[in-house]
Amino acid sequence: MAASRRRHATPGRISRVGRQAVPRPRVIMALLLLLGLVCTMLLDGYLRAEVGDDQRVRTDASADSVPGEVLEGGPILSFAGGTARTQSVPDKTIVLTFDDGPDPEWSEKVLDILEENDVPGTFFLVGSMISRYPDVVRRMVDEGNEVGVHTFTHVDLSYQSEARVKREIAQTQLALAGAAGITTTLFRAPYSSKTDAIDDYSWPVYESLGAMGYTSVFIDTDSEDWQQPGVSKIVTWATPEDGEGASVLFHDAGGDRSETLAALPKYIKKMKAKGYTFTTVSGAQQQAASAAGEGAGATDGASAGDPGRPGTPQPGFVQGNAEQAAHRAADTAGVWEGRALLAAVAVAEWTVPGLAAVLAVVGAAVLARFGMMLLLARRHYRRRNRRSFTWGPEVTDPVSVIVPAYNEKECIASTLSSLAASTHPIEIVVVDDGSTDGTAEIAEALGLPDVRVIRQENAGKSAALNNGVRQARHDIVVMMDGDTVFEPDTVHRLVQPFADTRIGAVAGNAKVGNRSTMIGAWQHIEYVMGFNLDRRMYDLLRCMPTIPGAIGAFRRQAVLEVGGMSEDTLAEDTDITIALHRAGWRVVYAEHARAWTEAPASLGQLWRQRYRWSYGTMQALWKHRRSVTDRGPSGRFGRVGMPLVVLFQIVTPVFAPLIDVFTVYAMLFVDFRASLLAWLAVLAVQLFCAAYAFRLDREKYRYLLMLPLQQLAYRQLMYLVLIHSCVTAATGGRLRWQKLKRTGEVGTPQVGAS
């Protein structure tokens, strides 16, 4: 075994520890990434009518303010000179109109039919669909069809504010400019039909749009294909009476349009056989104007240039096709703004579903982890608590307890007093790392037996521990923090696994001593459920990633063989644990060896501690990355322990905030009840796991009352810490050692206290 043990290579750039504090821009970067995701989700939800959706449709309203000539007029409504004017489609003429597209399946097939029969159509497009399928729109325009605005989110504009109405139109025009380089003067309101359906609520909308230069288009006959009544009925209902011209309504999106596709060619052939011709809205307007002797002028309009305000026929008019007279060439700014919108939509279209798929995998992994933890923790508990279980002959030899201390005046007396009460023979080595608050003097003044105080210049915790290991007189060394207290039998229980000569290190059971506050209670839950339940699982899998700095025991020989406590990382406990695995030593968990540590008492201190832990863990994993391809014990940890740590301590927690963001999004915009029930179900699983962990550790269940609030507040803080650490690691940042402020409130515990 000794031949295979070696000190492993020093890390690369990611794991160098410097003295420079992490700059604030990295925090800002992490927050900007989260903000960008939220914006992307909101955009995607807006496009899918999940955000800002309004499904109200007005019916049975009076029409007292609507002019009678409009109610009884033709389907083409314009406001030339500010006066409402309607036009009818000339006799023996059909204007095929299609609502709710574009759709990549149905619209494409409709266009194929129109091309085969050499007839044009007028498509009233929904802006959100244009943004998602711009290629279909380009084909519509390129093949001589006309397009109009059908709002951006398909809402009943009679319920909307004037600002919302303008925004719906402008956004649709912007999408149209980005997709085909044009804008249009045609408009059709969602849920509209014939002009006699205009009411007192919708009329002001048409007046306002007319003042902006829009021509509102209604219908004469409705195929009602959306009801899927059958092909023959669709053809019959779409046919005008007595050779009259008609604006005919079909749909090329919004559901199954297979009946529409079957009926459309039959309808075209039928009407051609009756002597009908087909044109667009603009074509019908020009025919009507010619018949009335008004010349071949195009549609009425207002000013040109702005995609949200279509222009008059002259400036910006797309020349060459009278049946597309409503189209305007979008200005350069409008085109680029439209392309930017399409690009943002494309990103959202790929990002949100992609993240949803990733999060589904992450969610499954989290649930699988819970299941694996429960199964293995139960097996671990039953195996280690059998009356017949033993590590071997009782270990009674004296051990050295190393206490690294830097400015621990509040805690050092309690720490040493607890060790003095130990039932196992020990020597206590206090390594004062250049304290400036009299820590060494306090330790000496206690006058406790078998206590040695070693002073050194400030060099960090790793150097202090290494100094203590060198000064230790015994073969087994116990390492603890200067703010931690042991129970009388802690050391004895901790060293019993060393009866097995294959074991190089033992992790103890760290407990939060100052759990009376909310922050302390949250950390208590985390220690019992997250850390100790995990250690049971890792113990059985023989890939324990970390021996806690608060309580751990080592063979002195093993520590020296792997080069001691490395200063390459900020997580020296994780670093030494992985190094021992790679050297062939076993690392186990002693659940009954309990230590009481002082957890951070404020959010700021907690952030600094967990930031150091997270970043240090990443450094240690990066340093030992070659274990993945190693053979023997090193390869075992690299191919079993390393993936588990990366998956469950880095990848899964990094994506966990996204799950919460998706959950909040779903509660607000999709299905509140279903989303809430899903969240409560996950909380119930976590509560069950936590309760089982508390049962194994014989802890009081009352602290679990804090679990829901922990999930809402504390967990989010931990996620942000991890994301901050990932950003720091990815950008090559460096982090200094950070000393936490101590209160000394964790005193010497009573035997079996919990």
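From a predicted model like this one, the values you see are computed outputs, not experimental measurements.

A. Molecular detail of the overall build of the protein. The helix and strand tally for the protein stands at 22 helices and 20 strands. Counting only residues that meet the buried cut, the protein has 55% of its 754 residues in that class. Sequence separation of 24 or more characterises 81% of the internal contacts of the protein that already satisfy a separation of 6 or more. Just so you have it, the protein exposes about 31100 Å², and 55% of that area is on carbon and sulfur atoms.

B. Layout of the sheet that holds strand S16 (residues 476-479). Strand order across the open sheet formed by eight strands is S15-S14-S13-S16-S19-S18-S20-S17, with mixed pairing between neighbours. At either margin of the open sheet sits one strand with a lone partner, and together these are strand S15 (451-456) and strand S17 (484-486). Recorded for the sheet is a direction-independent mean angle of 30° between the axes of neighbouring strands. Both S16 and strand S19 (residues 552-555) contribute to a ladder of four bridges, which runs antiparallel. In the strand pairing of S19, Met 479 is matched with Gly 552.

C. Highlighting the nonpolar core. Ranked by size, the top nonpolar core spans 66 residues in total, and within it Met 479, Tyr 538, Phe 554 and Leu 580 carry the most contacts. Those residues in contact with Tyr 538, other than ones at most four positions away along the chain, are Cys 543, Met 544, Pro 545, Leu 644, Val 645 and Gln 649. Formed by 39 residues, the second largest nonpolar core is a distinct cluster that contains Phe 98, Leu 114, Val 136 and Leu 174.

D. Region of the structure containing the environment of Tyr 703. Considering the arrangement of structural elements, one finds Tyr 703 in the loop between helix H21 (672-696) and helix H22 (707-730). Contacts of Tyr 703, omitting those with residues within four sequence positions, involve Arg 515, Ala 521, His 524, Ile 525 and Phe 694. A distance of 3.4 Å separates a polar atom in the side chain of Tyr 703 from a polar atom in the side chain of Arg 702.

E. Molecular detail of the packing of helix H16 (residues 518-541) against H21. Orientation of H16 relative to H21, taken along the N-to-C sense of each, is 80°, at an axis distance of 9 Å. As judged from the angle between their axes, H16 and H21 are roughly perpendicular. Every residue of H21 that contacts H16 at His 524, Ile 525, Val 528, Met 529, Leu 533 and Arg 536 is listed here: Gln 686, Cys 689, Ala 690, Ala 693, Phe 694 and Leu 696.

F. Highlighting the packing of aromatic side chains. Using the criterion set out here, one finds nine aromatic pairs in the structure. Between Phe 98 and Phe 123 the ring centres are 4.9 Å apart and the planes differ by 20°, which places this aromatic pair in the stacked class. With Phe 98 in strand S3 (residues 93-101) and Phe 123 in strand S4 (residues 122-125), the pair connects residues that are 25 residues apart, well separated along the chain. The pair Phe 98 / Phe 123 is uniform in exposure class, with both members buried. Feature note: the residues Phe 98, Phe 123, Phe 250 and Tyr 267 constitute an aromatic cluster, connected by ring pairs. Sitting above the plane of the Trp 336 ring, Arg 339 keeps its charged end 4.8 Å from the centroid. For Arg 515, the ring lying beneath its charged end belongs to Tyr 703, and the centroid distance is 5.6 Å.

G. View of the pattern of salt bridges. On inspection of all chains with the given rule, the structure shows 30 salt bridges. With a shortest N-O distance of 2.5 Å, Asp 112 and Arg 139 are connected by a salt bridge. Here Asp 112, found in helix H3 (residues 106-117), pairs with Arg 139, found in helix H5 (residues 134-142); they are 27 residues apart in sequence, far enough to count as distant. Accessibility expressed as a relative area gives 17% for Arg 139, which makes it buried.

H. Up close: a nonpolar patch on the surface. The grouping of Met 518, Leu 709 and Leu 712 at the surface amounts to a nonpolar patch, some 270 Å² of accessible area in total. Inspection of the secondary structure puts Met 518 in helix H16. Residue classification places Met 518 among the partly exposed positions, given a relative accessible area of 43%.

I. Broad picture of H21. For H21, with 25 residues, the first-to-last C-alpha span of 36 Å sits near the 36 Å given by 1.5 Å per residue. Among all positions in H21, only Ser 675, Trp 679, Leu 683, Gln 686, Cys 689, Ala 690, Tyr 692, Ala 693, Phe 694 and Leu 696 are buried. Arg 698 sits one or two residues past H21 and shows a positive phi near 55°.

J. Structural detail: the packing of helix H8 (residues 231-238) against helix H9 (residues 258-273). It is at 9 Å that the axes of H8 and H9 come closest, and there the two elements cross at 45°. With respect to their mutual orientation, H8 and H9 come out oblique. Relative to H9, the crossing made by H8 is right-handed. Residues Val 231, Ile 234, Val 235 and Ala 238 of H8 touch H9, and the partners they reach there are Glu 259, Thr 260, Ala 262, Ala 263, Lys 266, Tyr 267 and Lys 270. Of the residues belonging to the contact of H8 with H9, the class tally is seven nonpolar, one polar and three charged.

K. Spotlight on the environment of Asp 534. Summarising the element assignment, Asp 534 is placed in helix H16. You can call Asp 534 buried: its relative accessible area is 7%. Distance from Asp 534 to Pro 545, taken between C-alpha atoms, is 9.9 Å for residues 11 residues apart in sequence.

L. Representation of unusual backbone geometry in the model. The residue after Gly 101, namely Pro 102, is reached through a cis peptide bond having omega 0°. The topology assignment puts Pro 102 in the loop between S3 and H3. Non-glycine residue Arg 542 carries a positive phi angle of around 60°. Mapped onto the fold, Arg 542 is located in the loop between H16 and S19. The exposure class of Arg 542 is partly exposed, given its relative accessible area of 44%.

M. Local environment of helix H7 (residues 203-211). Listed as buried for H7 are Trp 203, Val 205, Tyr 206, Leu 209 and Gly 210. Along the long axis of H7, the arc covered by the buried residues comes to 160°, so they all point the same way. Against helix H2 (68-71), strand S1 (76-78), helix H6 (162-180), strand S7 (186-187) and strand S8 (215-217) lie the buried residues of H7. Two residues or fewer past H7, Gly 213 is found with a positive phi of approximately 100°.

N. Molecular detail of the confidence of the model for the protein. Confidence in the prediction for the protein averages 85 pLDDT; 87% of positions are at 70 or higher. Below a pLDDT of 50 lies the segment residues 1-23, which in the model reaches 62 contacts outside its immediate sequence neighbourhood of four places, other chains included. Contacts for the low-pLDDT stretch residues 296-316, under 50 throughout, to residues beyond four places or in other chains number 65 contacts.

O. Molecular detail of the environment of Val 110. Looking at the secondary structure, you find Val 110 in helix H3. Setting aside chain neighbours within four positions, we find Val 110 in contact with Phe 98, Phe 123, Asp 252, Leu 261 and Leu 264.

P. A look at the pairing of strand S10 (residues 246-251). Counting buried positions along S10 yields six of six residues, so the element is predominantly enclosed. Here S10 shows two buried faces, one formed by Ala 246, Val 248 and Phe 250 and the other by Ser 247, Leu 249 and His 251. In this sheet, S10 lies alongside S3 in parallel orientation, the contact comprising six bridges. Considered in S10, the bridge of Ile 94 is made with Ala 246. Bridge count between strand S9 (residues 221-222) and S10: two bridges; the pairing is parallel. Across the sheet, Asp 222 pairs through a bridge with Leu 249, a residue of S10. Handedness of the crossover joining S9 and S10 through H8: right-handed.

Rules used in this analysis
Residues numbered from 1 in each chain as written. Predicted model: local features only at pLDDT ≥ 70, side-chain atom pairs only at ≥ 80, totals over all residues. Heavy atoms only, no water. Helix = DSSP H or I, 4+ residues; strand = E, 2+ residues; numbered from the N terminus. Buried < 20%, exposed > 50% of the residue type's maximum accessible area, 1.4 Å probe, protein only. Contact = heavy atoms within 4.5 Å. Areas by Shrake-Rupley, 256 points an atom, 1.4 Å probe, with all protein chains shown as cover. Pairing = 2+ DSSP bridges. Axes fitted to C-alpha atoms, helices over the stretch in contact; angles between N-to-C directions. Core = buried A, V, L, I, M, F, W, Y, C linked by side-chain atoms within 4.5 Å. Polar contact = N/O pair within 3.5 Å; in protein donor to acceptor, adjacent residues only side chain to side chain. Parallel < 35°, antiparallel > 145°, perpendicular 65-115°, else oblique. Phe/Tyr/Trp six-rings, centres within 6.5 Å; stacked < 30°, edge-to-face > 60°. Lys NZ or Arg CZ within 6 Å of the ring centre and 35° of its normal. Salt bridge = Lys/Arg side-chain N within 4 Å of Asp/Glu carboxyl O. Patch = residues over 30% accessible without salt bridge, like charges linked within 9 Å, V, L, I, M, F, W, Y side chains within 5 Å. Expected span 1.5 Å × (residues − 1). Left-handed = near helix turned anticlockwise from the far one by under 90°. Nonpolar A, V, L, I, M, F, W, Y, C, P; charged D, E, K, R; others polar. Arc of directions from axis to C-beta. pLDDT = per-residue confidence, 0-100. Right-handed = clockwise from strand over helix to strand, strands pointing away.

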